[in-house]
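Residues per chain, in single letters:
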Amino acid sequence: MNSKTQGYIFVLLAITIFSVQDGISKHLASIYPPVFVTMIRYWAFALFTILLASRMRGGLRETAHTKRPLLQVLRGVLLAAQVVLAITCFAIIGLAHTQAIFAGTPILIALLSMPLLGERVGWRRWTAICAGLAGVLLILKPESGFIDPKLLLAVLGCFLFAFYVIATRLVSRDDSSMTSFFYTGVAGGVTITLIGPFYWTSMSAGDWGWMALLCLTGISSHYFLIRAYDMLDAAAVQPLTYLQLVYASIIGVVIFGEALSLNTIAGSVIVVAAGIFTIWREHVVARSSAVRK
């Protein structure tokens, strides 16, 4: 089996485990405070990043060295807040509907990359951005004529993750991917620990089992994703992440009894198509720029 095939297997494993993780998160967040669930999950994630960093060349000190400490910490804070919002949305909005809205994040990243990263966007990507935003509006379109305020939490989650990705692109100009991964876990873990204990809740033995499984899925999914990025370009990995929307829809409908409206299905198709085109076009433009240099 060649490395590229292995890379695709790792991507599929990561996406599948992420989807299982989302289902477990929804179950736990429907019973316990999402901040509490996130804190326990982050403790396991932070421990994993520290152990992984200690095994890298140069050890923990070299991995933790960064030229952009404030931006690295900001990344960790943004992602921790986004995870809390995502888990909250899974519980009160539903897996399928939340992931349908989250699918518009690449479109938002492309839109924000212009003022924040100074990237130029041509008419092709502008067309995809407009189509993707139209798809998101279709997903949000209320049957009653009024937008459910709960859906705005998912939109806020999109913005938080988009800013996290843009911050990640900025630090990647100076720091290694392993350094960024380290701060994602540690800074996020410290941040959520400052808040999470105030939401501490007694948990049944059975739910501690689910929590342990949540931590295990969080660690393994990130590990497989790291291995995938070692073997594949981001342009090959990112379009496959849209499978998470498919998984979320299946889990939401079959296990949690969620209902999918026609607007959600149609909007999701538009958003996914626009997102894949945006990712592909960014790859083409980046490759052309590299060739000219």
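Rules behind the numbers
- Residues numbered from 1 in each chain as written.
- Predicted model: local features only at pLDDT ≥ 70, side-chain atom pairs only at ≥ 80, totals over all residues.
- Heavy atoms only, no water.
- Helix = DSSP H or I, 4+ residues; strand = E, 2+ residues; numbered from the N terminus.
- Buried < 20%, exposed > 50% of the residue type's maximum accessible area, 1.4 Å probe, protein only.
- Contact = heavy atoms within 4.5 Å.
- Lys, Arg positive; Asp, Glu negative; His and termini not counted.
- Charge placed at Lys NZ, Arg CZ, Asp CG, Glu CD.
- Salt bridge = Lys/Arg side-chain N within 4 Å of Asp/Glu carboxyl O.
- pLDDT = per-residue confidence, 0-100.
- Bend = angle between axes of the 7 residues up to and from the residue.
- UniProt positions renumbered as here; feature names shortened; annotations may be inferred.
- Patch = residues over 30% accessible without salt bridge, like charges linked within 9 Å, V, L, I, M, F, W, Y side chains within 5 Å.
- Areas by Shrake-Rupley, 256 points an atom, 1.4 Å probe, with all protein chains shown as cover.
- Phe/Tyr/Trp six-rings, centres within 6.5 Å; stacked < 30°, edge-to-face > 60°.
- Lys NZ or Arg CZ within 6 Å of the ring centre and 35° of its normal.
- Axes fitted to C-alpha atoms, helices over the stretch in contact; angles between N-to-C directions.
- Left-handed = near helix turned anticlockwise from the far one by under 90°.
- Expected span 1.5 Å × (residues − 1).
- Arc of directions from axis to C-beta.
- Core = buried A, V, L, I, M, F, W, Y, C linked by side-chain atoms within 4.5 Å.

Take the overall build of the protein chain next. Looking only at helices and strands, the protein chain features 13 helices and zero strands. Secondary structure elements of the protein chain occur, N-terminal to C-terminal, as α-α-α-α-α-α-α-α-α-α-α-α-α. Here the C-alpha coordinates of the protein chain stretch approximately 60 × 55 × 40 Å along the principal axes. Here the protein chain holds 293 residues, and the buried ones make up 48% of them. Within the protein chain, counting contacts between residues at least 6 apart in sequence, those at least 24 apart form 88% of the total. Taking the 21 positively charged and 12 negatively charged side chains of the protein chain as two groups, their mean positions are separated by 9 Å.

A word on the environment of Cys89. Looking at the element boundaries, Cys89 is found in helix H4 (residues 69–92). Taking C-alpha positions, Cys89 is 12 Å from Val35, a pair spaced 54 residues apart along the chain. Those residues in contact with Cys89 that sit more than four places away from it in its chain are Gly94, Thr98, Leu153 and Ala154.

Glancing now at the environment of Val269. Relative to the helices and strands, Val269 resides in helix H13 (residues 262–292). On the accessibility criterion, Val269 (55% relative accessible area) is exposed. With 137 residues separating them along the chain, Val269 and Gly132 place their C-alpha atoms 9.5 Å apart.

Right, let's talk about the pattern of salt bridges for a bit. Under the definition given, this model contains two salt bridges. One salt bridge in this structure joins Lys26 and Glu258, with 3.6 Å as the shortest N-O distance. Of this pair, Lys26 sits in helix H1 (residues 3–29) while Glu258 is found in the loop between helix H12 (243–254) and H13, placing the two residues 232 residues apart along the sequence. The partner of Asp174 in a salt bridge is Arg68, and the shortest N-O contact between them spans 3.0 Å. Here the residue Asp174 occupies a position in the loop between helix H8 (149–171) and helix H9 (177–195), and Arg68 occupies one in the loop between helix H3 (59–64) and H4, the gap between them amounting to 106 residues.

Moving on, we get to the confidence of the model for the protein chain. Averaged over the protein chain, the pLDDT score is 87; the fraction of residues at 70 or greater is 95%. Within the protein chain, no element has a lower average pLDDT than helix H11 (residues 234–237), which sits at 69, and none a higher one than H4, at 95.

Of all bends in helix H6 (residues 105–117), the biggest is about 30°, found at Leu111, and the proline Pro115 comes one to four residues later. Taken together, the buried positions of H6 are occupied by Thr105, Ile107, Leu108, Ile109, Ala110, Leu112, Ser113, Met114 and Leu117. Gly118 occupies a position one or two residues after H6 and carries a positive phi of about 70°.

To continue, consider the UniProt feature "domain: EamA" (unreviewed entry) in the protein chain. In the UniProt entry, the feature "domain: EamA" (unreviewed entry) is given for residues 7–140 and 151–278. Helix makes up 84% of residues 7–140 and strand 0%. Its end C-alpha atoms lie 35 Å apart.

Bringing a nonpolar patch on the surface into the picture now. On the surface, a nonpolar cluster with roughly 920 Å² of combined accessible area is contributed by Leu12, Leu243, Val246, Ile250, Val253, Val254, Ile255, Phe256, Leu260, Ile265 and Val269. Of all elements in the fold, only H12 and H13 reach the threshold of two or more residues within the nonpolar patch. The biggest single contributor to the nonpolar patch is H12, with five residues. Along the chain, Leu260 falls in the loop between H12 and H13.

Okay, the side chain of Gln82 next. Looking at where Gln82 falls in the secondary structure, it is placed in helix H4. Ignoring sequence-local partners within four residues, the contact set of Gln82 consists of Phe102, Gly157, Leu160 and Phe161.

Let us now look at the packing of aromatic side chains. Evaluated as defined, the whole model comprises 10 aromatic pairs. A network of ring pairs unites the aromatic residues Tyr32, Phe36, Trp43 and Trp200 as a single cluster. The ring of Phe256 is capped by Lys26, whose NZ or CZ atom sits 5.1 Å from the centre of that ring.

One can describe the packing of H1 onto H12 by two numbers: an axis separation of 9 Å at closest approach and a directional angle of 35°. Here the hand of the crossing between H1 and H12 comes out right-handed. Residues Leu12, Ile15, Thr16, Phe18, Ser19, Val20 and Asp22 of H1 pack against Leu243, Gln244, Tyr247 and Ile251 of H12.

Our next topic: helix H7 (residues 123–140). It helps to recall that an α-helix has 3.6 residues per turn; residues three or four apart then point in one direction. Over its 18 residues, H7 runs 26 Å from end to end, which matches the ideal 26 Å to within 8%, given 1.5 Å per residue. If you check which residues of H7 are buried, you get Arg125, Ala128, Ile129, Gly132, Gly135, Val136, Ile139 and Leu140. Seen from one end, H7 has its buried residues packed into an arc of 135°, which puts them on one side. Across from the buried face of H7, at angles greater than 90 degrees, the exposed residues are Trp123 and Leu137.

On to the nonpolar core, then. A general feature of soluble globular proteins is that nonpolar side chains tend to end up buried together. Among the nonpolar cores identified, the biggest contains 66 residues, and Leu28, Phe36, Val37, Tyr42, Ile101 and Met211 are the most heavily contacted of them. Residues within four places of Val37 in sequence aside, it is in contact with Leu28, Ala29, Tyr32, Ile87, Met211 and Leu214. If you look at the next biggest cluster of nonpolar residues, it comprises 10 residues, including Ile15, Phe18, Ala228 and Leu232.

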